[in-house]
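# Inside the fold
This is what each chain is made of:
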Amino acid sequence: MEANDKTERIIEARLKLKRRFEEKMAQTPSMTDVTPRGSGPVNRHGMPTVPVGQTVTTKWPVLDLGYQPNIPLDKWQLAIDGEVNHPVRLKWDDLMALPQTEDTSDFHCVTTWSRLNILWVGVRLIDLAALVDPKGSATHIMCYGYDGYSTNVSLEEALKPDVLLVHTADGEPLPREHGGPLRMITPQLYAWKGSKWIKRIEFLPQNKLGFWEERGYSDTAYPWRNDRYA
Ligand SMILES: Nc1nc2c(c(=O)[nH]1)N[C@H]1C(S)=C(S)[C@@H](COP(=O)(O)O)O[C@H]1N2
Ligand SMILES: [Mo]
């Protein structure tokens with residue numbers, strides 16, 4: 001009974017969010033650009049597979065701030081708070097009890113490499129948003145990593161169905177150097193918008209710049225516009 005109520009509440013909150021952001025989402029570059037820049041066959045988002053200026057690699061380079069935090073699962077927590085009605089602090093088991101989504105997507109790093117067709121498993125950001133129920137005033141999120149990193153994403157981008165908090169990549173637990181136990185991915189934005197070792201998602205009433213955004217990276221980070229630096 002209690003579980004059903006909770007599920008009902010989440011479904012309702014999810015649909016409310018979808019309705020609220022549908023219009024803004026329809027205005028994002030991936031929906032409006034008539035000639036997205038890039039090469040190769042049209043991908044699953046209707047974009048050329050390789051965004052302008054990118055080169056495909058089968059390797060998976062590691063980019064960090066020189067420190068790869070080690071968070072044992074029994075110490076791991078994710079706080080979701082800020083401009084929301086029901087802030088939560090999830091432990092690992094809480095996260096794993098949420099609906100799990102499998103999705104294949106691509107990874108575009110601003111340093112010009114792209115890694116294609118990674119099979120991810122994790123929790124959709126929109127499902128976490130439904131859990132905390134953002135206030136009507138929320139417009140962006142700031143994501144914080146256990147390493148001190150931060151990055152901001154608008155809600156119309158963050159609520160897209162392929163934005164996931166992932167714990168599994170290509171059938172293996174996400175390696176620590178790639179942000180394990182849990183990181184965010186933003187397949188339709190440059191990869192710096194996905195915080196590795198994510199520990200907090202703060203809903204914001206207005207935009208604010210994250211670590212790289214403050215240091216000259218683009219706020220919007222749209223790969224098919226070559227939108228790398230501000
Ligand atoms: N916490 C945290 N997240 C981060 C970074 C970081 O330094 N710390 N680097 C970003 C950058 S610049 C990129 S390109 C991707 C790299 O992910 P990878 O190391 O798994 O390839 O993570 C992003 N997320
Ligand atoms: Mo990057």
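Keep in mind the model is a prediction, meaning the values are calculated, not measured.

### Here we look at the overall build of the protein
Along its length, the protein carries 5 helices and 13 strands. Whereas a compact globule of 230 residues would reach a radius of gyration of roughly 17 Å, the protein reaches 17 Å, a difference of no more than 12%. In terms of principal-axis extent, the alpha carbons of the protein reach across some 50 × 40 × 35 Å. Counting all 230 residues of the protein, 37% fall into the buried class. In the protein, 67% of the contacts between residues at least 6 apart in sequence involve partners at least 24 apart.

### Re the site of ligand 1
Close to ligand 1 lie 18 residues, the nearest being Gly145, Tyr149, His178, Trp192 and Lys196. For the shell around ligand 1, the residue count by class is 10 nonpolar, 5 polar and 3 charged.

### A short note on helix α4 (residues 125–132)
Counting buried positions along α4 yields 8 of 8 residues, so the element is predominantly enclosed. Listed in full, the buried residues belonging to α4 are Leu125, Ile126, Asp127, Leu128, Ala129, Ala130, Leu131 and Val132.

### Let's talk about the sheet that holds strand β8 (residues 140–145)
In spatial order, the strands read β5-β4-β13-β8-β9; together these 5 strands make up an open sheet with mixed pairing. Unpaired on one side and paired on the other, β5 (88–91) and β9 (150–154) mark the two borders of the sheet. Put simply, the sheet's adjacent strands are angled 15° from each other on average, direction ignored. As paired strands, strand β4 (residues 77–82) and β5 are joined by 4 bridges and run antiparallel to one another. Across the sheet, Ile80 pairs through a bridge with Val88, a residue of β5.

### Notes on the environment of Leu78
Following the sequence through the fold, Leu78 ends up in strand β4. Leu78 sits in the buried class, given 20 other C-beta atoms within 10 Å. Separated by 121 residues in sequence, Leu78 and Lys199 place their C-alpha atoms 4.6 Å apart. Setting aside its immediate chain neighbours within four residues, Leu78 contacts Leu90, Leu95, Leu182, Ile198 and Lys199.

### Looking at the pairing of strand β13 (residues 198–204)
Inspection of the sheet shows β4 paired to β13 by 4 bridges, in the parallel sense. Residue pairing across strands places Ala79 opposite Arg200, the latter belonging to β13.

### With respect to the UniProt feature "domain: Oxidoreductase molybdopterin-binding" (unreviewed entry) in the protein
Per the UniProt annotation, the sites labelled "domain: Oxidoreductase molybdopterin-binding" (unreviewed entry) are residues 69–212. The straight-line gap between the two end C-alpha atoms of residues 69–212 is 19 Å; of that span, 12% is helix and 41% is strand.

### Here's the deal with the pairing of β9
Counting buried positions along β9 gives 4 out of 5 residues, so the element sits mostly inside the fold. Here β8 runs beside β9; their pairing, made up of 5 bridges, is antiparallel. The partner of Cys143 across the bridge, within β9, is Thr151.

Thresholds applied
Residues numbered from 1 in each chain as written. Chains lettered and ligands numbered in written order. Predicted model: local features only at pLDDT ≥ 70, side-chain atom pairs only at ≥ 80, totals over all residues. Helix = DSSP H or I, 4+ residues; strand = E, 2+ residues; numbered from the N terminus. Rg over C-alpha atoms; globule rule 2.2 N^0.38 Å. Buried ≥ 20, exposed ≤ 12 C-beta atoms within 10 Å, placed from the backbone. Contact = placed C-beta atoms within 7 Å. Near = placed C-beta within 6 Å. Nonpolar A, V, L, I, M, F, W, Y, C, P; charged D, E, K, R; others polar. Pairing = 2+ DSSP bridges. Axes fitted to C-alpha atoms, helices over the stretch in contact; angles between N-to-C directions. UniProt positions renumbered as here; feature names shortened; annotations may be inferred.

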